[in-house]
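Fold and geometry: a report
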Amino acid sequence: MTPFPIGKHIVPLFCLFTAFSVSSQNLIKNPSFEAFGDCPEQLGNFNEDVSSWSTPTEGSTDYFNACSEAMGTPKNFNGTQPSDFGKGYAGLYLYAPDDYREYLQAELSEPLVKGKNYAVSFYVSLAERSDFAIKEFGVLFSNNELNIPTKKELSKKKRYEKKENNYNYMEIGYTNFYSDTKDWILVHTQFIAKGTERYMILGNFKTNARTRMFRTKRNAKQGAYYYVDMVSIVLDDPPSETSELVAIADGKETKNIELDKSYIFKDLLFEFDRSALLEPSKKELKKVYDHLKANAMLHIMINGHTDDKGREVYNQNLSRNRAKTVADYLIQLGVPEKRINWSGHGSTKPIADNSSEKGRQKNRRVEFVITKSP
């Protein structure tokens, strides 16, 4: 067996931030699996049914579409999930007995440009009948299409047996991960392209023993099955500052901020090589707290970043500590911990040139994402 174009979700947020502008063309063809050959009538037929997509292994990824009774939406063999992005979506096992795995593979409409910053995103929802939920999604880019005769994990060893291929691999993980069986949860990250990326593969590239997961049921025997929809790769230009006021709400200057997009704390300041907050930062975070307090359905993800000075292990810890400091302060003010996630990325995701002090200063930043789900 081997989740909508939601339009623009806008929330008013205080005008203190710098935004990532993502308006570039999506390099994924058929991003929400709406183009297909025959209406799906059996399990494991994704490779044959869906246009512009394939599977890189012998794992039998599934395709669901409202046109079908056997493989329809919203109800299917693993539960119920509305197809909010159209009529179709994919389904695959990211964790199963005996290291069984399923994957999605797409050819990009054009190769990525070396040194450019890109954003990759997709929506997922855990199937109701899953026994497990995983804590990380893997994203693999390659310059050649993969077709490897295995039903197990697509390990590094198997990948590098293809001598002519080049890879760019990353994992997307959060403190509280994708265990939601009702809503579509946005999975996203940014990365610097190597210039060899022509194909993208989504899935879990680790063995069961190395997979970070948790049980969703007591007598767990099966696996973690996820629905996937609305996949996107776009050129992600560096953020530019703006102070444009869009509206006034309750006597306060406000700005329209989209849900599920990354923003930079404009006035969040730290002493060099330290993670303690300075007073101007606390004033800014107080306004973020006021917004979260007034909108109890919203969650916040906090991401810390550093420049490239020093060892990467140290920078990773420093960036995480800074993100955690922000999270701790919001918790101290009164935001429930379950509404906050945080992560540190060290110097792996620069938005400016590290060769100048001005560039390094831009890279020493903390970002946040406001969402409706953790």
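Residues numbered from 1 in each chain as written. Predicted model: local features only at pLDDT ≥ 70, side-chain atom pairs only at ≥ 80, totals over all residues. Heavy atoms only, no water.

Overview of the overall build of the protein
For clarity, the cut-off: Think of it this way: any DSSP run of H or I at least four residues long counts as a helix, any run of E at least two long counts as a strand, and we number them from the N terminus. For every residue, the accessible area obtained with a 1.4 Å probe (protein chains only) is divided by the maximum for its type, and the residue is called buried under 20%, exposed over 50%, and partly exposed between those limits. Residue exposure ignores everything except the shown protein chains as possible cover, and the areas themselves are Shrake-Rupley values with a 1.4 Å probe.
In terms of helices and strands, the protein carries five helices and 22 strands. With 374 residues in all, the protein has 54% of them scored as buried. Here the protein has roughly 17,300 Å² of accessible surface; of this, 47% comes from carbon and sulfur atoms.

Examining the state of the cysteines
Counted only if it meets this: When two cysteine sulfur atoms are found within 2.5 Å, that pair is recorded as a disulfide.
Within this structure, the stated rule accounts for one disulfide. Sulfur-sulfur distance for the disulfide between C39 and C67 comes to 2.1 Å. Handedness here is read from the sign of the S-S torsion; for C39 and C67, about 115 degrees, the answer is right-handed. Here C67 lies in the loop between β4 (62-65) and β5 (75-76) and C39 lies in the loop between β2 (17-19) and α1 (46-49), a separation of 28 residues in the sequence.

Structural notes on the nonpolar core
What counts, and what does not: Here, nonpolar core means buried Ala, Val, Leu, Ile, Met, Phe, Trp, Tyr and Cys residues that are tied together by side-chain atoms lying within 4.5 Å of each other. In what follows, residue pairs with any heavy atoms lying within 4.5 Å of each other are defined as contacts.
Grouped together as the largest cluster of nonpolar side chains are 39 residues, with contacts concentrated most on F122, M200 and I233. Those residues within four positions of F122 in sequence are excluded, and the remaining contacts are F137, V139, I172, I185, L186, V187, L202, V228, D229, M230 and V231. Formed by 22 residues, the second largest nonpolar core is a distinct cluster that contains L298, V335, V366 and F368.

What about the pairing of strand β9 (residues 117-126)?
Stated precisely, the cut-off is as follows: Two strands make a pair as long as DSSP finds a minimum of two bridges between them.
The buried count for β9 comes to 10 of 10 residues, which makes it a mostly enclosed element. Every second residue of β9 is oriented toward a common face, with N117, A119, S121, Y123 and S125 on one face and Y118, V120, F122, V124 and L126 on the other, all of them buried. Where β9 meets strand β16 (residues 224-235), eight bridges bridge the pair, whose relative direction is antiparallel. Counterpart to S121 in the pairing with β16 is S232.

Brief notes about unusual backbone geometry
Of the consecutive residues T73 and P74, the connecting peptide bond is found in the cis state with omega at 5 degrees. Along the chain, the position of P74 falls in the loop between β4 and β5. The backbone of S52 shows a phi angle near 65 degrees, a positive value even though the residue is not glycine. What makes S52 partly exposed here is its relative accessible area of 40%.

Notes on the sheet that holds β9
For the record, the criterion: Whenever a helix is involved, its axis is fitted only over the stretch in contact; in every case the axis is a line through C-alpha atoms, and angles between N-to-C directions fall within 0 to 180 degrees.
Strand order in this open sheet of five strands is β4-β7-β16-β9-β13, and the pairing throughout is antiparallel. At either margin of the open sheet sits one strand with a lone partner, and together these are β4 and β13 (185-192). Averaged over all adjacent pairs, the angle separating strand axes in this sheet is 35 degrees, with direction ignored. The sheet contact formed by β9 and β13 spans eight bridges and is antiparallel. For F122, the partnering residue across the bridge sits in β13 and is V187.

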